[in-house]
Amino acid sequence: MVIGKNILTVEQFDKSDIERIISLSETLENNLKSKGESNLLVGKIMASLFFEPSTRTRFSFEAAMQRLGGKIITATGLTSVSIGKGESLADTIRTVERFCDVIVMRHPEIDSSKNASALVKIPFFNAGDGAGEHPTQAFVDFYTIKKAQQNVEGKKIALIGDLKYGRTVRSLIELLIIYGGAELYLVSPPELELPDNYYEMMNHNNVKFVKTNNLNEAIAECDVLYMTRIQKERFDDKDQYERLKGSYILNRQVMLNAKPDVSIMHPLPRIDEIDTELDSDPRAIYFDQVENALYVRMAFLLVVFGKDGALDENY
Ligand code: NCD
């Protein structure tokens, strides 16, 4: 499938696209480590607009652009731009387009990136649209699983925590459904279950899944444990958040029943869902997962500029 200039939703990809991005990420990781930085995006500027908090996504996108020879202009927080004076997001995006070659945006509203991308002619990345999607993170997580487990097919992958509001976990689930081959364990409190349309998607694509609120069931069976933060900022009812926070906690005790080669993952930030006593466990790979974001976002930047084919002779 033609990936196009905008990276907005996991739905735009097919299995061959996934394989292409993962293969390119592997090549870029090897090249960066063996040859150093590239100049493939010299002369290009990325506008990095983060209107919700970010550490990993923002810095990995900005580092990826600079490792490819590009430059960045950046704004964090809605009041750091004239939205704080009442300007519309549409006028903000139309203004920023005049100073850059690609826009990366995180915004609290679902579909904000889809709507904003329609206003500009340059490539546009959805870096998280509220409780919507986080498509590039899904590829980071897929790449991490493949590196740690050698493949995705035949693996049992537990997705744990806030499956209702968590954009990373829902984007990853959709990517795994598109790719196929993995068995999914969906672990959440009843109040934070996966929306029904994902079950329809899994059934339509013959993806095997287990739905449970019992973490121990997944611990004993799974090859990957993907933990997620209960998304406090999405709860209207703060009392409900207080009841649900800390629903699942991984610690040494819980991990006693886990497979010896299980991979413990988390998109981060973590609150208390993974005890820091596990950070020294070699199966805890969430900081390797952080680094993988650099390579995957380098891959996406080359793709949207049509430079991934130029890799051989130039990098
Ligand atoms: C996630 C996000 O922002 O959606 N973090 C990330 O992108 N690395 C997960 C979260 O904030 O809980």
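Quick note: structure is the one above.
The structure contained in this document is the topic of the report that follows. (Residues numbered from 1 in each chain as written. Predicted model: local features only at pLDDT ≥ 70, side-chain atom pairs only at ≥ 80, totals over all residues. Heavy atoms only, no water.)

## Notes on the packing of aromatic side chains
Summed over all chains, the structure comprises ten aromatic pairs. When the centroid spacing of 5.6 Å and the interplanar angle of 65 degrees are considered together, the rings of Phe235 and Tyr241 count as edge-to-face. Here the two residues Phe235 and Tyr241 agree in accessibility, since each one is buried. Ring-pair connections join several aromatic residues into one group, and the members of that group are Phe13, Phe61, Phe125, Phe139 and Phe300. The residue whose ring lies beneath Lys15 is Tyr179, and the NZ or CZ to ring-centre distance is 4.6 Å. (Phe/Tyr/Trp six-rings, centres within 6.5 Å; stacked < 30°, edge-to-face > 60°. Buried < 20%, exposed > 50% of the residue type's maximum accessible area, 1.4 Å probe, protein only. Lys NZ or Arg CZ within 6 Å of the ring centre and 35° of its normal.)

## With respect to the nonpolar core
Grouped together as the largest cluster of nonpolar side chains are 67 residues, with contacts concentrated most on Phe125, Ile157, Leu159, Ile173, Leu184, Leu186 and Leu301. The element that contributes the greatest number of residues to this core is helix H10 (residues 286-304), accounting for eleven residues. Two domains each provide a minimum of three residues to this core, namely domain 1 (6-134 + 291-314) and domain 2 (135-288). Among the nonpolar cores identified, the runner-up in size contains 23 residues, and Ile160, Tyr185, Val254 and Ile274 belong to it. (Core = buried A, V, L, I, M, F, W, Y, C linked by side-chain atoms within 4.5 Å. Helix = DSSP H or I, 4+ residues; strand = E, 2+ residues; numbered from the N terminus. Domains from an automatic or database assignment.)

## A look at the site of the ligand
In the vicinity of the ligand, the contacting residues are Arg56, Thr57, Arg106, His134, Gln137, Arg167, Thr168, Arg229, Gln231, Pro267, Leu268 and Pro269. Residue Arg167 places a side-chain N or O atom 2.7 Å away from an oxygen atom belonging to the ligand. Here an oxygen atom of the ligand and a side-chain polar atom of Gln231 are 2.9 Å apart. With the chains in place, 94% of the 320 Å² that the ligand exposes on its own is no longer accessible. Split by residue class, the shell around the ligand holds three nonpolar, five polar and four charged. When residues of the shell around the ligand are assigned to domains, at least three fall in each of domain 1 (6-134 + 291-314) and domain 2 (135-288). (Near = heavy atom within 4 Å. Polar contact = N/O pair within 3.5 Å; in protein donor to acceptor, adjacent residues only side chain to side chain. Areas by Shrake-Rupley, 256 points an atom, 1.4 Å probe, with all protein chains shown as cover. Nonpolar A, V, L, I, M, F, W, Y, C, P; charged D, E, K, R; others polar.)

## Digging into helix H6 (residues 167-179)
In this model, H6 (13 residues) spans 18 Å end to end at C-alpha, consistent with the 18 Å of a helix rising 1.5 Å per residue. Buried within H6 are the following residues: Arg167, Thr168, Val169, Arg170, Ser171, Leu172, Ile173, Glu174, Leu175, Leu176, Ile177 and Tyr179. (Expected span 1.5 Å × (residues − 1).)

## Comments concerning unusual backbone geometry
In this model, Leu268 is joined to Pro269 through a cis peptide bond whose omega is 5 degrees. Turning to its location among the elements, Pro269 is positioned in the loop between strand E10 (263-265) and H10. Even without a glycine there, the phi angle at Asp111 is positive, about 70 degrees. You can see Asp111 is positioned in the loop between strand E4 (102-107) and helix H4 (112-117). The residue Leu268 is not glycine, and still its phi comes out positive at about 60 degrees. Exposure remark for Leu268: the relative accessible area of 11% places this residue in the buried category.

## With respect to the sheet that holds E10
Taken together, five strands build an open sheet; the order of strands is E8-E7-E6-E9-E10 and the sheet is parallel. Each edge of the sheet is formed by a strand with only one pairing partner; in this case those strands are strand E8 (209-212) and E10. Neighbour to neighbour, the strand axes of the sheet diverge by 15 degrees on average, direction disregarded. The sheet contact formed by strand E7 (residues 183-187) and E8 spans four bridges and is parallel. Residue pairing in the sheet places Tyr185 in a bridge with Val210 of E8. The strands touched by helix H7 (residues 196-204) within the sheet are E7 and E8, with E8 carrying the most contacts at an inclination of about 155 degrees. (Pairing = 2+ DSSP bridges. Axes fitted to C-alpha atoms, helices over the stretch in contact; angles between N-to-C directions. Contact = heavy atoms within 4.5 Å.)

## What to know about helix H2 (residues 56-67)
Taking 1.5 Å per residue as the helical rise, H2 with its twelve residues ought to reach 16 Å, and the 16 Å between its terminal C-alpha atoms agrees with that figure. Of all the residues in H2, the buried ones are Thr57, Arg58, Ser60, Phe61, Glu62, Ala64 and Met65. For H2, the elements touching its buried residues are strand E2 (45-50), strand E3 (71-76), E4, strand E5 (124-129), helix H5 (135-149) and H10.

## Details of the pairing of strand E9 (residues 224-227)
Burial of the side chains of E9 extends over both faces: Val224 and Tyr226 are buried on one face and Leu225 and Met227 on the other. Here strand E6 (residues 156-160) runs beside E9; their pairing, made up of four bridges, is parallel. Each bridged residue has a counterpart across the sheet, and for Ala158 the counterpart in E9 is Leu225. As judged from the three bridges shared by E9 and E10, these two strands associate in the parallel manner. Residue pairing across strands places Tyr226 opposite Met265, the latter belonging to E10.

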